[in-house]
Protein chains: 2
Amino acid sequence: MSAPLRLGIAGLGTVGIGVVKIIQQHADLLSARSGRPVTITAVSARDRMKNRDADLSGYTWVEDPVELATRDDIDIYVELIGGDNGVARESVELALKSGKDVVTANKALLAMHGQELAALAEENGQVIRFEAAVAGGIPVIKAMTESLAGNHITRVMGVMNGTCNYILTRMESAGLPYEAVFEEARQLGYLEADPTLDVGGIDASHKLAILSSIAFGTQVSFDGVEIEGIERVSIDDIRRAADMGYRIKLLGVAQMTGRGLEQRMSPCLVPADSPLGQLQGGTNMVVVEGDSVGQIVLRGAGAGEGPTASAVMSDIVELARGVRMPVFGQPAGRLKKPVHARTAVPAAYYLRLALLDKPGALAKVATVLGDAGISIHRMRQYDHQDGPAPVLIVTHKTTPDAIDHAIAELPKTGVIAEDPVELRIEEV
Amino acid sequence: MSAPLRLGIAGLGTVGIGVVKIIQQHADLLSARSGRPVTITAVSARDRMKNRDADLSGYTWVEDPVELATRDDIDIYVELIGGDNGVARESVELALKSGKDVVTANKALLAMHGQELAALAEENGQVIRFEAAVAGGIPVIKAMTESLAGNHITRVMGVMNGTCNYILTRMESAGLPYEAVFEEARQLGYLEADPTLDVGGIDASHKLAILSSIAFGTQVSFDGVEIEGIERVSIDDIRRAADMGYRIKLLGVAQMTGRGLEQRMSPCLVPADSPLGQLQGGTNMVVVEGDSVGQIVLRGAGAGEGPTASAVMSDIVELARGVRMPVFGQPAGRLKKPVHARTAVPAAYYLRLALLDKPGALAKVATVLGDAGISIHRMRQYDHQDGPAPVLIVTHKTTPDAIDHAIAELPKTGVIAEDPVELRIEEV
């Protein structure tokens with residue numbers, strides 16, 4: 001049995017305490033699976049006096065994470081502070097420079113500075129592991145970096161923000177408007193301090209940018225993600241989509257096309273009976289498509305103490321075993337700077353219009369769509385009393401440009417009472 | 001960049017040729033991801049003259065796999081011959097003794113001789129990798145061995161034989177009896193030469209035994225699997241189960257209980273809207289439950305050239321990178337000999353009876369169940385003309401012993417026209 005692996009853990013929130021508990025409760029299992037004991041040397045957190053659900057008396061308490069990161073008596077710096085700058089970034093950089101490997105759950109840090117950190121790690125002969133940064137307990141980083149290494153990856157998709165999926169699922173099941181469920185989620189403590197990280201799609205986009213890099217061998221590029229949050233998803237659209245056999249999900253999609261790398265995070269329609277469509281509440285799902293493997297679907301809890309701590313532990317055990325992977329699956333110098341392409345892959349679209357009760361109104365709408373080269377797959381006009389008539393259209397596959405053009409032209413017909421709603425129907 | 005990794009591939013069927021193609025088509029990608037070129041030195045197969053869908057002219061042809069396994073110019077012996085004995089076993093043993101690592105897709109070999117092979121590999125400082133042996137392209141071996149290393153695994157379940165799932169799915173969708181769909185599957189080439197390997201549940205049980213070993217740290221034990229194939233699943237039961245909201249799947253379940261290790265492979269009912277219930281055709285699914293991670297679901301193609309070759313390549317890249325795992329996730333000497341427990345974990349059960357049209361018949365059935373301590377959750381009696389009345393019963397949770405007792409007692413009532421059908425409803 002080799003020498004013990006010594007950890008320094010910075011950040012003792014839910015995940016940090018989860019990691020401490022696993023190490024305390026499963027010491028034998030971990031040493032059997034790692035080939036060496038896994039121990040905690042020192043810990044650091046903002047408030048030493050806070051009551052925490054674990055006995056920390058055996059560990060050195062260090063006030064400053066930066067000091068923890070550079071201690072001689074740790075082998076791995078476990079960064080669970082969070083945030084893309086400040087002490088998280090500073091401590092990770094210093095840990096690498098001080099000859100420590102880094103395990104982190106920090107998606108923002110990797111999405112914003114992943115390329116520099118990967119290069120810094122390599123310069124110093126260290127590695128950074130981050131299974132917990134994407135989709136909680138689901139082993140998607142390992143699956144993509146290692147299990148699919150023989151594949152040319154063609155597309156990666158995922159529902160990777162449990163809070164958004166909770167809100168959308170709950171809106172449908174309770175028939176409540178967005179604002180009401182958002183408030184519920186806030187009271188349940190499901191939202192980040194800055195809720196736009198969740199509902200604005202930022203958090204999920206951080207994760208998508210990380211997956212893109214591994215999938216396509218490109219430098220991680222959060223700026224290249226076209227982002228739209230779930231704020232404008234209405235209970236009307238959720239109901240109408242359900243009528244047509246769809247569910248609305250905040251879906252991230254990345255694919256490499258002839259024009260460049262498309263990365264988008266947006267509310268999309270998916271078939272209600274597809275694995276993505278069936279996803280309820282806080283559960284996450286990642287779908288990876290490769291030229292050999294076909295489609296692989298990974299599903300599990302995307303957040304929470306246990307699942308996230310499980311992912312952190314998988315990284316720790318990997319390093320304990322001496323497994324050392326390049327940060328994004330290939331040497332940092334080989335990762336290409338991506339050309340960002342605005343979404344151009346054709347798809348079917350869902351359109352919801354509020355049609356004024358005028359003769360020939362529907363003909364005018366159909367003409368605009370036809371002129372834009374869009375053909376209609378299914379159409380429904382609903383009962384209406386006095387007000388404008390809700391009209392739903394599912395198009396055949398068309399380009400985002402054609403849809404944008406039609407959306408711009410529709411109000412000029414004079415038969416539309418509100419701005420049309422358009423949502424992409426992602427093929428899954 | 002390190003020295004090339006040199007492979008010797010024995011067996012050039014679908015999977016072997018799939019591996020050759022990936023190595024030829026993705027050479028750059030593989031060397032970027034492995035840190036070294038991946039090359040094929042020599043190959044072996046039964047018939048040199050057979051027309052194969054790949055150019056093999058650059059490789060040394062070796063008639064005897066055993067000779068291939070011991071050549072000085074290979075680092076890894078890739079065994080894709082199959083079978084739990086004979087040349088597959090002999091060549092793998094000799095490869096290990098000759099200082100080669102082994103990559104194999106051979107579930108029968110590992111299920112029957114896994115413990116000896118793991119010990120032999122360790123004695124010789126070599127490793128055996130076998131991602132392709134279980135659930136094709138789904139990275140379940142890596143997920144369980146590495147990603148869930150911080151978890152105490154509580155249960156593993158899976159639909160792991162695509163042919164059986166094809167037959168059951170097709171029976172339901174086409175309304176055809178078992179025999180007709182079995183014949184279709186045979187003509188489509190979906191069945192093994194010995195079809196009982198598929199429909200008798202043997203192949204899926206090999207896979208379950210392998211997963212059990214990794215999950216529970218026990219010596220792989222195929223003999224400990226209670227096996228029942230799909231031969232007695234009738235279209236009647238598929239229809240009736242669907243009426244009650246269930247689908248019938250050939251489901252493998254392994255769990256460690258206070259009494260010992262339960263491993264069973266049998267047709268079970270699962271909720272039609274669960275991930276397992278939704279699985280169509282040849283797709284496989286593995287569900288792993290751990291104390292920290294909760295439930296992880298992995299889904300993908302369970303067989304076929306691309307998916308299986310993808311899994312073989314993941315093992316090859318892992319070894320190219322210098323990653324060396326104990327065969328079943330822990331040193332062989334630490335794996336405990338399992339105590340086999342007959343299934344005792346309680347479950348709900350589905351019972352189908354053919355009730356004779358006699359006064360008090362149902363009361364007699366209810367009395368037998370009540371006396372066995374079984375309470376009824378749902379009951380349906382169907383229309384019948386002349387013949388006995390089909391009666392469906394879904395019980396509350398009860399023990400397999402209680403069900404066995406009731407099944408033995410029911411014919412004694414004199415009101416049952418045929419032997420009752422009982423199927424376990426697995427909680428998923």
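Before reading on, note that the structure itself is shown above.
Cut-offs applied
- Residues numbered from 1 in each chain as written.
- Chains lettered and ligands numbered in written order.
- Predicted model: local features only at pLDDT ≥ 70, side-chain atom pairs only at ≥ 80, totals over all residues.
- Heavy atoms only, no water.
- Helix = DSSP H or I, 4+ residues; strand = E, 2+ residues; numbered from the N terminus.
- Buried < 20%, exposed > 50% of the residue type's maximum accessible area, 1.4 Å probe, protein only.
- Contact = heavy atoms within 4.5 Å.
- Areas by Shrake-Rupley, 256 points an atom, 1.4 Å probe, with all protein chains shown as cover.
- Lys, Arg positive; Asp, Glu negative; His and termini not counted.
- Charge placed at Lys NZ, Arg CZ, Asp CG, Glu CD.
- Pairing = 2+ DSSP bridges.
- Buried area = accessible area lost by both parts, 1.4 Å probe.
- Salt bridge = Lys/Arg side-chain N within 4 Å of Asp/Glu carboxyl O.
- Polar contact = N/O pair within 3.5 Å; in protein donor to acceptor, adjacent residues only side chain to side chain.
- Least-squares fit on C-alpha atoms with pLDDT ≥ 70 in both.
- Phe/Tyr/Trp six-rings, centres within 6.5 Å; stacked < 30°, edge-to-face > 60°.
- Lys NZ or Arg CZ within 6 Å of the ring centre and 35° of its normal.

(A) Looking closely at the overall build of chain A. A tally of regular secondary structure across chain A gives 14 helices and 16 strands. In terms of overall dimensions, chain A has C-alpha extents of about 80 × 45 × 35 Å along its principal axes. Split into buried and exposed, the 428 residues of chain A put 61% on the buried side. Sequence-distant contacts in chain A: of pairs separated by 6 or more residues, those separated by 24 or more amount to 74%. For chain A, the exposed surface amounts to about 15700 Å²; the carbon and sulfur share of it is 49%. Placing the 41 positive and 54 negative side-chain charges of chain A at their respective mean positions leaves the two points 3 Å apart.

(B) View of the sheet that holds strand β5 (residues 101-104) of chain A. Residue and element names in this part refer to chain A. The six strands are arranged β3-β2-β1-β4-β5-β6 in an open sheet whose pairing can be described as parallel. Two strands close off the open sheet at either side, each with one partner strand: β3 (60-61) and β6 (128-129). Here strand β4 (residues 76-79) runs beside β5; their pairing, made up of four bridges, is parallel. Each bridged residue has a counterpart across the sheet, and for Glu79 the counterpart in β5 is Thr104.

(C) Representation of the environment of Leu251(A) in the model. Residue and element names in this part refer to chain A. Its place among the elements puts Leu251 in strand β9 (residues 246-257). Residue classification places Leu251 among the buried residues on the basis of a relative accessible area of 0%. Residues Leu251 and Met157, 94 residues apart in the sequence, show an inter-C-alpha distance of 6.9 Å. When neighbours within four sequence positions are excluded, Leu251 is seen to be in contact with Met157, Gly158, Val159, Arg264, Met265, Ser266, Cys268, Val270, Leu276 and Glu426.

(D) Geometry of the interface of chain B and chain A. With 48 residues of chain B at the interface, the matching set in chain A holds 49 residues. With both sides pooled, the region where chain B packs onto chain A buries about 3900 Å², and carbon together with sulfur makes up 52% of that total. Looking only at chain B, the three residues that lose the most surface to chain A are Arg33(B), Arg299(B) and Arg321(B), adding up to 17% of its buried area. Run the count over chain B and chain A and you get two salt bridges. In this structure, the salt-bridge partner of Lys142(B) is Glu146(A), at a minimum N-O distance of 2.7 Å. Connecting chain B to chain A are 16 residue pairs in polar contact (both at pLDDT 80 or more).

(E) Up close: the side chain of Lys207(A). Residues and elements named next belong to chain A. For Lys207, the position within the fold is in helix α10 (residues 202-216). Judged by its relative accessible area of 5%, Lys207 is buried. At 2.7 Å, the side chain of Lys207 forms a polar contact with the backbone oxygen of Met160. Setting aside its immediate chain neighbours within four residues, Lys207 contacts Lys107, Ala133, Val134, Ala135 and Met160.

(F) Just the environment of Thr41(B), in detail. Residue and element names in this part refer to chain B. Tracing the backbone through its elements, the reader meets Thr41 in strand β2 (residues 38-44). Exposure remark for Thr41: the relative accessible area of 14% places this residue in the buried category. Along the primary structure Thr41 and Ala180 are separated by 139 residues, whereas in three dimensions their C-alpha atoms are 46 Å apart. Setting aside residues no more than four positions away along its own chain, Thr41 makes contact with Arg6, Leu7, Tyr59, Thr60, Asp73 and Ile74. Separated by 3.1 Å, the side chain of Thr41 and the backbone oxygen of Asp73 make a polar contact.

(G) Structural view of the pattern of salt bridges. Applying the stated criterion to the full structure yields 54 salt bridges over all chains. The shortest N-O distance in the salt bridge between Glu228(A) and Arg232(A) comes to 2.4 Å. Relative accessible area serves as the criterion here: at 26%, Glu228(A) is assigned to the partly exposed category. The residue Lys207(B) makes a salt bridge to Asp203(B) at a minimum N-O spacing of 2.9 Å. Residue Lys207(B) and its partner Asp203(B) are both found in helix α10 (residues 202-216); the two are separated by four residues, about one turn of the helix. Accessibility assignment for this pair places Lys207(B) and Asp203(B) in one class, buried. A network of salt bridges, in which partner residues are shared, links Lys142(A), Glu146(A), Glu318(A), Lys142(B), Glu146(B) and Glu318(B).

(H) Representation of the relation of the copies chain B and chain A. Structural alignment of chain B on chain A gives an RMSD of 0.0 Å, achieved by rotating through 180 degrees and translating 0.0 Å along the axis. Look at the turn and shift together and you get a two-fold axis relating the two. Within chain B, Leu298(B) has its C-alpha nearest the rotation axis, a separation of 2.4 Å. Of all interface residues in chain B, 100% are interface residues in chain A too; the two copies therefore contact each other through one and the same surface.

(I) Region of the structure containing the packing of aromatic side chains. A complete count under the given rule lists six aromatic pairs over all chains for this structure. Both rings, one in Tyr178(A) and one in Phe182(A), keep their centres 5.9 Å apart while their planes meet at 35 degrees; by these two values the pair is tilted. Pair noted here: Tyr178(A) and Phe182(A) are both in helix α8 (residues 178-187), with a separation of four residues, about one helical turn. Judged by relative accessible area, Tyr178(A) falls into the buried class, the value being 9%. An angle of 85 degrees between the planes, with centres 4.9 Å apart, marks the rings of Tyr166(B) and Tyr190(B) as edge-to-face. On the criterion of sequence distance, the pair formed by Tyr166(B) in helix α7 (residues 162-174) and Tyr190(B) in the loop between α8 (178-187) and α9 (196-199) is long-range, its members being 24 residues apart. According to the relative accessible area criterion, Tyr166(B) is buried, its value standing at 16%. The partly exposed category is assigned to Tyr190(B), whose relative accessible area is 40%. Over the ring of Tyr382(A) we find Arg240(A); its NZ or CZ atom is 4.1 Å from the centre of that ring.

Honestly, it's all geometry; don't read function into it.
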